[in-house]
Number of protein chains: 2
Amino acid sequence: MNTLPIDADAVARAADRLAGVAHRTPVLRSATLDRCTGAQVVCKAEHLQRIGAFKFRGGYNALAALPVDVRARGVVAFSSGNHAQAVAAAARMLDVSATIVMPDDAPAVKVEATIGYGAEVVRYDRYTQDRAAIGARLADERGATVIPPYDDPEVMAGQGTVASELLDEVGALDVLVVPVGGGGLIGGCAVAAAAHRGATRIIGVEPAGRRAARDALARGEVVEVPVPQTVLDGQQTPNVGTRPLAVMQALVDEVVGVSDAEVAVAMRFAALRMKQFLEPSGASALAAVLAGHLDVAGQRVGIVCSGGNVAPERFAALVGTAADVADPGVHHRDR
Amino acid sequence: MNTLPIDADAVARAADRLAGVAHRTPVLRSATLDRCTGAQVVCKAEHLQRIGAFKFRGGYNALAALPVDVRARGVVAFSSGNHAQAVAAAARMLDVSATIVMPDDAPAVKVEATIGYGAEVVRYDRYTQDRAAIGARLADERGATVIPPYDDPEVMAGQGTVASELLDEVGALDVLVVPVGGGGLIGGCAVAAAAHRGATRIIGVEPAGRRAARDALARGEVVEVPVPQTVLDGQQTPNVGTRPLAVMQALVDEVVGVSDAEVAVAMRFAALRMKQFLEPSGASALAAVLAGHLDVAGQRVGIVCSGGNVAPERFAALVGTAADVADPGVHHRDR
């Protein structure tokens, strides 16, 4: 096995930096979920993390790991999603100036939240301008550091604390199911889980129509795929990162795809049965388990619920037509 | 002060019966909620209780407190809401037969859930038949015991464990804000809080258009009020109970009303900011605090989030047009 881009010590250092800063998110259980899956399921509630998603862990860790003089010159990120808010929130906590490059058509609520955390937002036209080039130019002009969303050792190490916290709390798991976008979360979690006792199988979940992780694993190299229309807006990146892929090749057992309809069913289940509000990508790992894509009967299963940032209107549109998961514990009598 | 219908020992006995049976529900905090209210707020998450509402505590305690030979003859309850599911679920756990009297037009999902817990459901026409008479006749025929939804010492004592658990976990509170329907929850909680060190003010919250609790306190007797149209379906009872009123007269500082619009804003806040799914009545205490009906600035405030049983479609219809709570921590810059 080649040397991986991060090791368990990097995750442990991230956990030290995040102690008392990130929320130690709760572990949620549901008797109905256990009945429906035939497994013992624990859900790591990262939608209850600061900024409503796991991304805070990696963003904060990356900023906190910078040398003080480097950090003082500020940071730059480009994102229209949770990474933007993560970097903005972490920068405010560390008293660092942050510039976030966001598309002109980013949802107003996300732009305002980012500004609310004290960041400067620079808009661009996503059809005519290259956000990476804008970010790099801004960083260069200001001597600031770009914080990548996933292909970065400290970002990955921060995300890995999701798994180390979960395993510390619940003990050994047979399977850990993790959403995959760029791969930062699953990369960090796989390294953290490998350092724990017990052999936890690591399963990734990506949109059914986006095979970036599955194709990259099959070919042994990063593959750029066309990004389909999907409700899984947190996983619409056209590729996984080079560093995450290296970890996935070594430590991830399988990646499965979930459909938009399966995700809507999982969001509805989380709301009805667990009273939790998940965004589509935040429910993707739960969807894979509920849809039966994994053989988990009789096993101890961890699911990462990775985020909850979705407008109630969008939530309603998605779950309104979703089916209820049949509960084998509910026996209908003839009436 | 006259002798109250329950004392702190009754709540302590209920806590013993519920230990390892009811969920010890989590206490949720939100930095945004603290900013918006100027207070330090803790939310007791009873929407994460078994059956999705605090009612399980009282229902189970009432059944468990029955002599074994009485319990063996079964129990009867009449309810179209959470009390039905509470009694049905408790009966199954205690291996007792339960008969639930529900109106013909009760939501199918609630009827099926009650049947799913193994209860027999007897339907009636709410426009031509008297459910109390039907329940009493059934109990009489079968030698079964009627479990009232709120005007019962053991039901009240069970609900009181909501407050004793909260105060055990978070220490003294300046104020505890509790939804009021029939008064079983606030009655139990007020007795439990009075037994703790520190003087916790107890504030009740009822629908703005239903003055059953406020009028009863003003007149010193149970008052039957017309029940208005309101989204607060868990608080549409036309009166508070005799026993709860006795406690409220002695121990409750104030009851305030909340409008349907204020409740929708609170449900939206809980979803967007706390990622929690609350039913309207479950959000009524939060609504009273967010709407500014209470002077809580600088205080330690407990809020009982009492239930989360609402269909996603209804949730969507209610919060779709609700306003966002302005967050004083979000400063908008000129762009």
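Up top you'll find the structure we're talking about.
> Sorry if this is basic, but what is going on with the overall build of chain A here?
From N to C terminus, chain A includes 14 helices and ten strands. Its C-alpha radius of gyration of 19 Å places chain A within 12% of the 20 Å reference for a compact globule of 335 residues. Projecting the C-alpha coordinates of chain A onto the three principal axes gives extents of approximately 70 × 45 × 40 Å. Sequence-distant contacts in chain A: of pairs separated by 6 or more residues, those separated by 24 or more amount to 74%.

> Is there a simple way to think about the environment of A:Ala119 in this case?
For A:Ala119, the location among the structural elements is in the loop between α6 (108-116) and β5 (120-124). Spatially, the C-alpha atoms of A:Ala119 and A:Asp130 are 20 Å apart, while their sequence positions differ by eleven residues.

> Explain helix α12 (residues 260-274) of chain B here, please?
Counting along an α-helix, one turn takes 3.6 residues, and residues three or four places apart therefore face a common direction. Here α12(B) contains 15 residues, and its C-alpha end-to-end distance of 20 Å stays within 8% of the 21 Å for a straight helix at 1.5 Å per residue. Backbone geometry just downstream of α12(B) places B:Lys275 in the positive-phi region, at approximately 60°.

> How do you make sense of the pattern of salt bridges when you look at a structure like this?
Should the charged atoms of two oppositely charged side chains come close, the side chains can pair. Residue and element names in this part refer to chain B. The tally for this structure, following the rule as stated, stands at 24 salt bridges over all chains. Ionic pairing is found between Glu-165 and Lys-44, a salt bridge with its closest N-O pair at 2.7 Å. Taken as a pair, Glu-165 in helix α8 (residues 153-170) and Lys-44 in strand β2 (residues 40-45) lie far apart in primary sequence, 121 residues in all. The pair formed by Glu-165 and Lys-44 is uniform in burial state, with each residue classed as buried. Put simply, Glu-46 and Arg-57 hold a salt bridge, and the shortest N to O gap is 2.6 Å. Taken together, the residues span a long stretch of sequence, with Glu-46 in the loop between β2 and α3 (55-65) and Arg-57 in helix α3 at a distance of eleven residues. For Glu-46, a relative accessible area of 0% translates into the label buried. The buried category is assigned to Arg-57, whose relative accessible area is 0%.

Parameters and conventions
Residues numbered from 1 in each chain as written. Chains lettered and ligands numbered in written order. Predicted model: local features only at pLDDT ≥ 70, side-chain atom pairs only at ≥ 80, totals over all residues. Heavy atoms only, no water. Helix = DSSP H or I, 4+ residues; strand = E, 2+ residues; numbered from the N terminus. Rg over C-alpha atoms; globule rule 2.2 N^0.38 Å. Contact = heavy atoms within 4.5 Å. Expected span 1.5 Å × (residues − 1). Salt bridge = Lys/Arg side-chain N within 4 Å of Asp/Glu carboxyl O. Buried < 20%, exposed > 50% of the residue type's maximum accessible area, 1.4 Å probe, protein only.

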